[in-house]
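Chain by chain, the residues run as shown.
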Protein chains: 2
Amino acid sequence: MEISKEQLSLVNERIAQLLRADSFYGHRLRQRGVDGVASAEDFRRLPFSEKKDLRDAYPLGLMSVPEEKIVRIHSSSGTTGKPVIIPYTAKDVEDWAIQFARCYEMAGVTRRDRVQITPGYGLWTAGIGFQAGCERLGAMAVPMGPGNTEKQLQMMMDMESTVLCATSSYALLLAEAIEARGIKDRIHLRKGVIGSERWSEKMRRSIEEKLGIEAYDIYGLTEIYGPGIGISCDAHDGIHYWDDYIYLEIIDPQTGENLPDGEWGEIVITTLRKEGAPLIRFRTHDLSRILPGDCPCGSRFPRIDTIQGRTDDMVKIKGVNLFPSQIEEILRTFPEVSSEYQIHISHLEGKDTMRLYVETNGSVDFLDLAKRIAERVKSRIGFTPLVKVVEIGVLPRSEKKTKRVIDTRYQ
Amino acid sequence: MEISKEQLSLVNERIAQLLRADSFYGHRLRQRGVDGVASAEDFRRLPFSEKKDLRDAYPLGLMSVPEEKIVRIHSSSGTTGKPVIIPYTAKDVEDWAIQFARCYEMAGVTRRDRVQITPGYGLWTAGIGFQAGCERLGAMAVPMGPGNTEKQLQMMMDMESTVLCATSSYALLLAEAIEARGIKDRIHLRKGVIGSERWSEKMRRSIEEKLGIEAYDIYGLTEIYGPGIGISCDAHDGIHYWDDYIYLEIIDPQTGENLPDGEWGEIVITTLRKEGAPLIRFRTHDLSRILPGDCPCGSRFPRIDTIQGRTDDMVKIKGVNLFPSQIEEILRTFPEVSSEYQIHISHLEGKDTMRLYVETNGSVDFLDLAKRIAERVKSRIGFTPLVKVVEIGVLPRSEKKTKRVIDTRYQ
Ligand SMILES: [Zn+2]
Ligand SMILES: [Zn+2]
């Protein structure tokens, strides 16, 4: 999606601000001799930034205003190495709440709703973002924070909460707890604002059914406000994002080239109004695409598709970008295969080859099944894999995250 | 302290509001036929309210505005039985932040400070109150939440935090951890805003020395905004409270009579501006007294003394209200006695008698020590106890809260 004149003008405001600052971006822009962007081509020449750059700026190298203007920091969890620290001005805090209130509105939440907030507070951006947006909208925040399922259920019943804010896994846990206790008729939930994790359609439907809610997919990153920069609408076909606060590009993660609308690639975000720590062309490593065309909901805000995973999972084969979740989605349409699979990519006689291993319970024709899967991959993704069907239990299982792609081309 | 005309007028606003509401106080006022207060005598005829009344109103019986105006609830922890739920309007949330910002200002915190916030978030009123006040003042909030001492120390060093917000026990734990690791020269703290628990002068001094800070004592209750309705000043002689937001009385906890300024008794609070859940003459069961006279700091806000415990600990003997912390303070001035003691109160031959058991290490004259303690109690509290000095180790120890007062008069 081409950058608009208004967006360019906001980017120029940010560049002017950054050039005055003794910060990571200030140094980088001065070093590159950037003093503004007059056109979309200029913009595309701006350097990307990476999570590593932000981490190297620890603790306060991203701060781009005088410290007196900073009222808060947030931070990514940083299980390994240094966390990223993002400073916020009072206006950043307010802008985030405005965007989050829009998310609730998009999900049909009103001032009469009671919003049970289960994500965590503190350095993490989740809880306080959900709460500030709710309070700005004027709905009633029931600020629970994470864990303590018994207390969550008690408050959900006693307060007659109508909206649940949670990660998809915690929403599912609560849904299953409600089912197990047989208390669904004492639950008044009608909406779910669910975020921070990739979740499948199947999981969404399960959460919706068990809780009796309509679930909305909220998007965001600690580095860019936090959750609340976009959300799905009643059409449930992609995520609207607030293009008056962020400019969003889709790039080829290998070449860095901008991709046309409709093509899958990596989300890159430039913040248009952030003061405390503006980001220029930040590579999120999240995989999505711009959805072309208007949304049936009537919203003028553009849409990206549901996040399909991380670029680290992505491989390029025969010139086509492929990521495991695409294969997963296809395999899910075959009830006769298990949820285990493996992708082997090799380079033989000058050609990339993909072998796809899947498991079946043995009561089907292996060759026929392999042929049908190969055809569906070809029609959906654009090339034909070699499909190998094996007996159930043959593929390796792992307690940890299973390795799905084995790429031996560059070894 | 007599209620002022401005305060009376705000009480009348609250009564008018409550009479329109289908809430606990609305019912009670209508039942009593109260339609306003024209004088201090009228005000003193208003019924008290108790924590039990608030608990009986669970879940939303305190809500005194239409629900659309409520943006948040908070709740007391409620380890036993039902918690108290306090609804807040947007104005209540703002008023709380205004009061909390005043607390930081009273403690000398400025926009250049970095404020590490360790109390918890969620239903509990602590964390988010500390954060909102800090952000309103314009200082930088480092919102940690509770626990994870290693991470707290890391952030304290890396962020060069200058202000610590904590309970007294967690402040002491952090102070001891810093001492044990020998990292005091990497700590930049200069102020502590410490609250939510009774703490002794000795503990305060220990925290101040080990952390190299000046510590301020912040006061508040979940039922009345949360922490932030008062704080000690640089004079460290009592707690200033914001009499434009609350009217504070001291009563005799047994008779309910108002006590003159300077006399110890129970704090009773009426909220003057709270919309979501105004409280009328709420009995806090906290023990303090109004400090007469002007504070050397020059603040016009009135003062209460440091909280001395709970009314449940208080006994009336020979017409004088006595609480164990008064005895503790006196015993602390005798270095030769241990920290263990017991108070026995009995009624013999028509008279109340108090026996005070204390321990010593045995190298002093027992009779002389007993005499000196008895004299000091007489001069500080107003009557002479029978003091019994025993060998160290004779008094019972308990893992749990030690029973200090054994009152056999009404058995
Ligand atoms: Zn839409
Ligand atoms: Zn003072």
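No experiment lies behind these values; they were computed from the predicted model shown.

## A few points about the domain arrangement of chain A
Residues and elements named next belong to chain A. Its domain assignment divides chain A into domain 1 (89–311) and domain 2 (314–407). Computed over C-alpha atoms only, the centres of domain 1 and domain 2 are separated by 31 Å. Listed by partner, the interface residues are eleven residues for domain 1 and eight residues for domain 2. At the boundary of domain 1 with domain 2, total buried surface from both sides reaches about 900 Å², with 48% on carbon and sulfur atoms. When the buried surface of domain 1 facing domain 2 is broken down by residue, Q254, W264 and Q308 rank first, second and third, together holding 41% of it. On inspection of domain 1 and its partner domain 2, the count reaches one salt bridge.

## A short note on the coordination of the zinc ion (ligand 2)
Residue and element names in this part refer to chain B. Looking at the metal site, the zinc ion (ligand 2) is ligated by C233 (SG), H240 (NE2), C295 (SG) and C297 (SG), spaced 2.1 to 2.3 Å from it. For the zinc ion (ligand 2), the four donor atoms are set out with angles of 103 to 114° between them, so the coordination reads as tetrahedral. Written as a sequence motif, the donor arrangement for the zinc ion (ligand 2) is C-x6-H-x54-C-x1-C. Here C233 is found in the loop between β8 (226–232) and β9 (239–241), whereas its partner C297 is found in the loop between β13 (290–291) and β14 (303–304), with 64 residues between them in sequence. Assessed through its relative accessible area of 1%, C233 is described here as buried.

## Here's the deal with the packing of helix α5 (residues 90–106) of chain B against helix α6 (residues 126–137) of chain B
All names here are of chain B. The N-to-C vectors of α5 and α6 enclose an angle of 75°; their axes lie 7 Å apart at closest approach. With respect to each other, α5 and α6 are oriented roughly perpendicular. Touching E94, W96, A97, I98, F100, A101, Y104 and E105 of α5 are I128, G129, F130, A132, G133, C134, R136 and L137, all from α6. Partitioning the contact of α5 with α6 into residue classes produces eleven nonpolar, two polar and three charged.

## A closer look at the interface of chain A and chain B
Opposite the 35 residues of chain A that make contact, chain B presents 35 residues. Summed over both sides, the interface between chain A and chain B buries roughly 3,200 Å², with carbon and sulfur atoms accounting for 57% of that surface. Where chain A meets chain B, there are six salt bridges. For the salt bridge of R72 of chain B with E135 of chain A, the shortest nitrogen-to-oxygen distance reads 2.6 Å.

## Here's the deal with helix α8 (residues 168–181) of chain A
Along an α-helix, residues three or four positions apart point the same way, because every turn accommodates 3.6 residues. All names here are of chain A. When the terminal C-alpha atoms of α8 are compared, their 20 Å separation across 14 residues agrees well with the 20 Å that a helix rising 1.5 Å per residue should span. Along α8, the residues that are buried comprise S168, Y170, A171, L172, L174, A175, A177 and I178. Looking at the buried side of α8, the elements it contacts are α7 (149–158), β5 (163–167), β6 (191–195) and α9 (201–211). Just downstream of α8, G182 is the residue with a positive phi angle, here 60°.

## Concerning the side chain of T222 of chain B
All names here are of chain B. Here T222 lies in the loop between β7 (214–221) and β8. Look at T222 and you get buried, because its relative accessible area is 9%. Not counting residues up to four positions away in its chain, the partners in contact with T222 are S75, S76, I86, Y88, W124 and T125.

## Topic: the relation of the copies chain A and chain B
Once chain A is rotated about the relating axis by 180° and shifted along it by 0.1 Å, it coincides with chain B to within an RMSD of 0.2 Å. Both copies are brought into coincidence by an operation consistent with a two-fold rotation axis. Relative to the rotation axis, the closest C-alpha in chain A is found at Y121 of chain A, a distance of 3.2 Å. Of the interface residues in chain A, 100% have counterparts in chain B that sit at the interface too, so the contact is made through matching surfaces.

## What about unusual backbone geometry?
Residues and elements named next belong to chain A. Going from Y58 to P59, the amide bond is cis rather than trans, its omega being 0°. Mapped onto the secondary structure, P59 falls in the loop between α4 (51–56) and β1 (70–75). Non-glycine residue R281 carries a positive phi angle of around 45°. Structurally, the position occupied by R281 is in the loop between β11 (265–271) and β12 (282–288).

## Observations regarding α9 of chain A
Residues and elements named next belong to chain A. Listed in full, the buried residues belonging to α9 are R204, S206, I207, E208 and L211. In this structure, the buried side of α9 is in contact with β5, α8 and β7 (214–221). Two residues or fewer past α9, G212 is found with a positive phi of approximately 65°.

## Focus: the packing of aromatic side chains
All names here are of chain A. Applying the stated criterion across every chain yields a total of 15 aromatic pairs over all chains. Centroid distance F43 to Y247: 5.2 Å. Interplanar angle 85°. Geometry classified as edge-to-face. Of this pair, F43 sits in helix α3 (residues 40–44) while Y247 sits in strand β10 (residues 246–251), placing them 204 residues apart in sequence. Residue F43 shares its accessibility class with Y247, and that shared class is buried. Between the aromatic rings of W242 and F301, the centroid separation amounts to 4.8 Å while the plane-to-plane angle is 80°, which identifies the pairing as edge-to-face. Taken as a pair, W242 in the loop between β9 (239–241) and β10 and F301 in the loop between β13 (290–291) and β14 (303–304) lie far apart in primary sequence, 59 residues in all. Side by side, W242 and F301 carry an identical accessibility label, which is buried. Taken together, the aromatic side chains of F100, Y104 and F130 make up a single cluster linked through ring pairs. K274 extends its terminal NZ or CZ atom over the ring of Y88, reaching a point 4.8 Å from the ring centre.

## Focus on the environment of R204 of chain B
Residues and elements named next belong to chain B. Within the secondary structure, R204 sits in helix α9 (residues 201–211). Among the residues examined, R204 registers a relative accessible area of 13% and is labelled buried. In sequence terms R204 and V11 are 193 residues apart; their C-alpha atoms lie 37 Å from each other. Sequence-distant contacts of R204, that is, excluding residues within four places in its chain, are made with W199, A215 and H236. Separated by 3.2 Å, the side chains of R204 and H236 make a polar contact.

The rules behind these values
- Residues numbered from 1 in each chain as written.
- Chains lettered and ligands numbered in written order.
- Predicted model: local features only at pLDDT ≥ 70, side-chain atom pairs only at ≥ 80, totals over all residues.
- Heavy atoms only, no water.
- Domains from an automatic or database assignment.
- Contact = heavy atoms within 4.5 Å.
- Buried area = accessible area lost by both parts, 1.4 Å probe.
- Salt bridge = Lys/Arg side-chain N within 4 Å of Asp/Glu carboxyl O.
- Donors = N, O, S within 2.8 Å, 3.2 Å for Na, K, Ca; no water.
- Tetrahedral: all angles 85-135°; square planar, octahedral: opposite > 155°, others 65-115°.
- Helix = DSSP H or I, 4+ residues; strand = E, 2+ residues; numbered from the N terminus.
- Buried < 20%, exposed > 50% of the residue type's maximum accessible area, 1.4 Å probe, protein only.
- Axes fitted to C-alpha atoms, helices over the stretch in contact; angles between N-to-C directions.
- Parallel < 35°, antiparallel > 145°, perpendicular 65-115°, else oblique.
- Nonpolar A, V, L, I, M, F, W, Y, C, P; charged D, E, K, R; others polar.
- Expected span 1.5 Å × (residues − 1).
- Least-squares fit on C-alpha atoms with pLDDT ≥ 70 in both.
- Phe/Tyr/Trp six-rings, centres within 6.5 Å; stacked < 30°, edge-to-face > 60°.
- Lys NZ or Arg CZ within 6 Å of the ring centre and 35° of its normal.
- Polar contact = N/O pair within 3.5 Å; in protein donor to acceptor, adjacent residues only side chain to side chain.

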